[in-house]
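Remarks on the overall topology
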Amino acid sequence: MEVVETVDRFRRALDGERCSGRTVGLVPTMGALHDGHVSLVRRAVQECDAVATTIFVNPLQFAPHEDLDRYPRDLEGDGSIAEAAGSEYLFVPSQREMYPREPLARVTVAVMEDGLEAASRPGHLDGVATVVTKLFAIAGPCRAYFGEKDHEQLEVVRGLVVDLSLPVEVIACPTVRAPDGLALSSRNAYLTDAERRAAPVLFRALSAGKVCIEAGELDPSAVSGVMRDVVATEPSFRLDYAEARPGDGEWRLFVAARLGTTRLIDTIAVPLGAVPLGAVPLRAVPVGR
Ligand code: AMP
């Protein structure tokens, strides 16, 4: 695996791969790699000839009070993990390399879902959109792998590709979880032992929402209420949101909460096909909904 620090070298390396007829897979990350990231790299290795993992803790997507300074960093460990997963390149630009000056141009995205991350972290998704656009501009035509866990981020990236005609195919990958259901996240490293024991309540809340929908509940606020009640069983959590959003062919359930100084998010989809035929609604749906 080649470790690349400059934009120029990374661009030339991936151009070289394509010139040799090889397809490129890109896995953008902020490092502190875990098995969730590894699943993205492995999928990319299966589907592409040359895979590049990128590690960049992007200041534009952190608000001043957030965890930019303490975000876990372990370049050496990350190098071994990325290489073992089959990555051929590891792009690790410095902040100066990515942002040699205060950016004149940034990417802003319209709010796609009311509430949720856009409301809880104003500016966050714009910061993500800016860095992902830069990474795509540097990497060139490729398949890019993103996790379902950060569902709004995934939707933003899909939107960028369409709206800005970027030569990238976005591939969504399922969330990798610990055996107790907690979605793997670099931020889990912040949790104390007691917090780690409490953390799976987020997945339990999503699962309770799913059971409720599968039993025939049709009212999103009722499903959200069930999820909120489950999170409330862990008083150490401060809830940002627990929301059920019906969509085409599936519902999507979202939860975000703070445990001490750590903010965790999670989401699952509930395919409508999973709702048994003839399921009896748990409560009447008011006319007009
Ligand atoms: P991050 O380093 O947290 O910015 O994540 C980099 C990429 O890995 C993003 O596309 C995330 O959605 C994805 N990712 C993070 N955690 C997981 C997980 N537990 N399972 C699958 N993908 C994940």
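What counts and what doesn't
Residues numbered from 1 in each chain as written. Predicted model: local features only at pLDDT ≥ 70, side-chain atom pairs only at ≥ 80, totals over all residues. Heavy atoms only, no water. Helix = DSSP H or I, 4+ residues; strand = E, 2+ residues; numbered from the N terminus. Rg over C-alpha atoms; globule rule 2.2 N^0.38 Å. Buried < 20%, exposed > 50% of the residue type's maximum accessible area, 1.4 Å probe, protein only. Contact = heavy atoms within 4.5 Å. Lys, Arg positive; Asp, Glu negative; His and termini not counted. Charge placed at Lys NZ, Arg CZ, Asp CG, Glu CD. Pairing = 2+ DSSP bridges. Axes fitted to C-alpha atoms, helices over the stretch in contact; angles between N-to-C directions. Core = buried A, V, L, I, M, F, W, Y, C linked by side-chain atoms within 4.5 Å. Disulfide = S-S within 2.5 Å. Polar contact = N/O pair within 3.5 Å; in protein donor to acceptor, adjacent residues only side chain to side chain. Parallel < 35°, antiparallel > 145°, perpendicular 65-115°, else oblique. Nonpolar A, V, L, I, M, F, W, Y, C, P; charged D, E, K, R; others polar.

1. Here's the deal with the overall build of the chain
Counting secondary structure elements, the chain contains 10 helices and nine strands. Relative to the 2.2 N^0.38 estimate, which gives 19 Å for 289 residues, the radius of gyration of the chain is 20 Å and therefore close to what a compact globule would have. Across its three principal directions, the C-alpha atoms of the chain cover 60 × 40 × 40 Å. Evaluated residue by residue, the chain yields a buried proportion of 49% over its 289 residues. The long-range fraction of contacts in the chain, counting pairs at least 24 apart against all pairs at least 6 apart in sequence, stands at 71%. Computed over 31 positive and 41 negative side-chain charges, the separation of the two mean positions in the chain equals 2 Å.

2. Concerning the sheet that holds strand 9 (residues 262-271)
By way of backbone hydrogen bonds, the strands of a sheet pair with one another, either parallel or antiparallel. The sheet built from three strands is open, its strands ordered 7-8-9 with antiparallel pairing. Both edges of this open sheet fall to strand 7 (237-246) and strand 9, since each of them pairs with a single strand only. When strand polarity is set aside, the average angle formed by the axes of neighbouring strands in this sheet is 10°. The pairing of strand 8 (residues 250-259) with strand 9 spans 10 bridges and is classified as antiparallel. Across the sheet, residue Val 255 finds its bridge partner in strand 9, namely Asp 266. Most of the contacts of helix 10 (residues 220-232) go to strand 7, to which it runs at about 155°, and overall it touches strand 7 and strand 8.

3. Quick word on the nonpolar core
For soluble globular proteins, the rule of thumb is that nonpolar side chains tend to be buried together. Formed by 35 residues in total, the largest nonpolar core has its most connected members in Phe 10, Leu 26, Met 98, Val 132, Phe 136, Phe 146 and Val 168. When residues of this core are traced back to their parent elements, those giving at least two are helix 1 (7-19), strand 2 (24-29), strand 4 (89-91), helix 6 (124-139), strand 5 (142-147), helix 7 (151-163) and strand 6 (168-173). Per element, the largest residue contribution to this core is nine residues, and it comes from helix 6. Apart from residues no more than four positions distant in its own chain, Phe 10 is found in contact with Val 4, Leu 26, Ala 52, Thr 54, Tyr 89, Phe 91, Ile 138 and Ala 139.

4. Notes on the state of the cysteines
Summed over all chains, the structure comprises zero disulfides. No disulfide involves Cys 19; its nearest neighbouring cysteine sulfur is the one of Cys 142, lying 15 Å away. We classify Cys 19 as exposed; its relative accessible area is 71%. This cysteine, Cys 173, is not joined by any disulfide, and Cys 48 carries the nearest cysteine sulfur, 10 Å off.

5. Some details on the side chain of Ser 185
Position of Ser 185 among the secondary structure elements: in the loop between strand 6 and helix 8 (193-198). Within the structure, the side chain of Ser 185 is placed 3.0 Å from the backbone nitrogen of Arg 187, a separation counted as a polar contact.

6. Considerations on the packing of helix 1 against helix 6
Contact geometry of helix 1 with helix 6 gives a least axis separation of 8 Å together with a crossing angle of 55°. Put simply, helix 1 runs oblique to helix 6. Across from Val 7, Phe 10, Arg 11, Leu 14 and Arg 18 in helix 1, the residues of helix 6 making contact are Ala 137, Ile 138 and Ala 139. When the residues that make up the contact of helix 1 with helix 6 are grouped by side-chain class, the tally is six nonpolar, no polar and two charged.

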